[in-house]
Amino acid sequence: MKAALLLLALASVNGMVYERCELARILQANGMDGYWGYSLGDWMCMAYWESGYNTQAIDHDSDGSTDYGIFQINSRWWCQNYETANAEDACGINCSELLTDNIGVDITCAKRVVRDPNGMSAW
């Protein structure tokens, strides 16, 4: 019983790691295939290399900003973590919203990122 509780606790700390096909279905259903000229394959590849499809991935960058969630959205430009100096918060969200298993907020913000002049090169 104790071992089962420990495994459950560890699973919740690691967040949800999507299976490739499951993530593809969710992105497709949310209009990502072809969004702003980027294919579903582009989004899948980016999410894989950025987070390994992990919804709770966090990476601290050398400039003091932090990347959050399945798309590794950066606190310098796109979300507010109340730690990054001079943050823009262009998506108008708290960075912690990018760490849930429901990736709707991540998708909405990623769409905002690619509408920027840098497009997917922002990653």
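Draft legend 1. How the structure looks around helix α2 (residues 20-29). Within α2, burial applies to Leu23, Ala24 and Leu27. Within α2, the buried residues cover an arc of 100° as seen down the axis, which keeps them to one side. In α2, those exposed residues whose orientation departs by more than 90 degrees from the buried face are Arg25 and Ala29. Directly after α2, the chain includes Gly31, whose backbone phi takes a positive value near 75°.

Draft legend 2. View of the nonpolar core. Counting residues in hydrophobic clusters, the biggest one holds 30 residues, and the most contacted among them are Leu23, Leu27, Trp43, Ile70 and Phe71. Of all the elements in the fold, those that place two or more residues in this core are α2, α3 (40-51) and α4 (104-115). Setting aside chain neighbours within four positions, we find Ile70 in contact with Tyr18, Leu23, Ala47, Glu50, Ser51, Tyr53, Asn54, Thr55, Leu98, Ile103 and Asp106.

Draft legend 3. How the structure looks around the sheet that holds strand β3 (residues 73-74). The 3 strands are arranged β1-β2-β3 in an open sheet whose pairing can be described as antiparallel. With partners counted over all chains shown, the strands left at the sheet margins are β1 (58-60) and β3, one partner each. Taken together, the 3 bridges between β1 and strand β2 (residues 66-68) define a ladder with antiparallel strand orientation. Looking at the pairing, Asp59 lines up with Asp67 of β2.

Draft legend 4. The state of the cysteines, seen in detail. All chains considered together, the criterion is met by 2 disulfides. Here Cys79 pairs with Cys95 through a disulfide, and the sulfurs are 2.0 Å apart. Residues Cys79 and Cys95 are joined through a disulfide that is right-handed, its torsion about the S-S bond being 95°. With Cys79 in the loop between β3 and α4 and Cys95 in the loop between β3 and α4, the pair connects residues that are 16 residues apart, well separated along the chain. Each member of the pair, Cys79 together with Cys95, is buried. A disulfide bridge connects Cys91 with Cys109, and the sulfur atoms are separated by 2.0 Å. Where Cys91 bonds to Cys109 through sulfur, the torsion about that S-S bond is close to 85°, and the disulfide is right-handed. Taken together, the residues span a long stretch of sequence, with Cys91 in the loop between β3 and α4 and Cys109 in helix α4 at a distance of 18 residues. Take Cys91 and Cys109: they sit in the same class, and that class is buried. When the bonded cysteines of the protein are numbered from the N-terminus onward, they pair as 1-3, 2-4.

Draft legend 5. Summary view of the side chain of Arg76. Position of Arg76 relative to the elements: it lies in the loop between β3 and α4. Classification of Arg76 by relative accessible area gives buried; the value is 16%. From its side chain, Arg76 meets the backbone oxygen of Asp63 in a polar contact 2.8 Å long. Residues in contact with Arg76, not counting those within four places in the same chain, are Asp63, Gly64, Ser65, Thr84, Ala85, Asn86, Ala87 and Glu88.

Draft legend 6. The pattern of salt bridges, seen in detail. This structure, assessed with the given rule, holds 2 salt bridges. Two residues, Arg76 and Asp63, come together in a salt bridge whose shortest N-O distance is 3.6 Å. Of the two residues, Arg76 sits in the loop between β3 and α4 while Asp63 sits in the loop between β1 and β2, which places them 13 residues apart along the sequence. Among the ionic pairs, Arg112 bridges to Asp116, the shortest N-O distance being 4.0 Å.

About the criteria used
Residues numbered from 1 in each chain as written. Predicted model: local features only at pLDDT ≥ 70, side-chain atom pairs only at ≥ 80, totals over all residues. Heavy atoms only, no water. Buried < 20%, exposed > 50% of the residue type's maximum accessible area, 1.4 Å probe, protein only. Helix = DSSP H or I, 4+ residues; strand = E, 2+ residues; numbered from the N terminus. Arc of directions from axis to C-beta. Core = buried A, V, L, I, M, F, W, Y, C linked by side-chain atoms within 4.5 Å. Contact = heavy atoms within 4.5 Å. Pairing = 2+ DSSP bridges. Disulfide = S-S within 2.5 Å. Polar contact = N/O pair within 3.5 Å; in protein donor to acceptor, adjacent residues only side chain to side chain. Salt bridge = Lys/Arg side-chain N within 4 Å of Asp/Glu carboxyl O.

Note that every value here comes from positions in space, so none of it alone points to a role or purpose.
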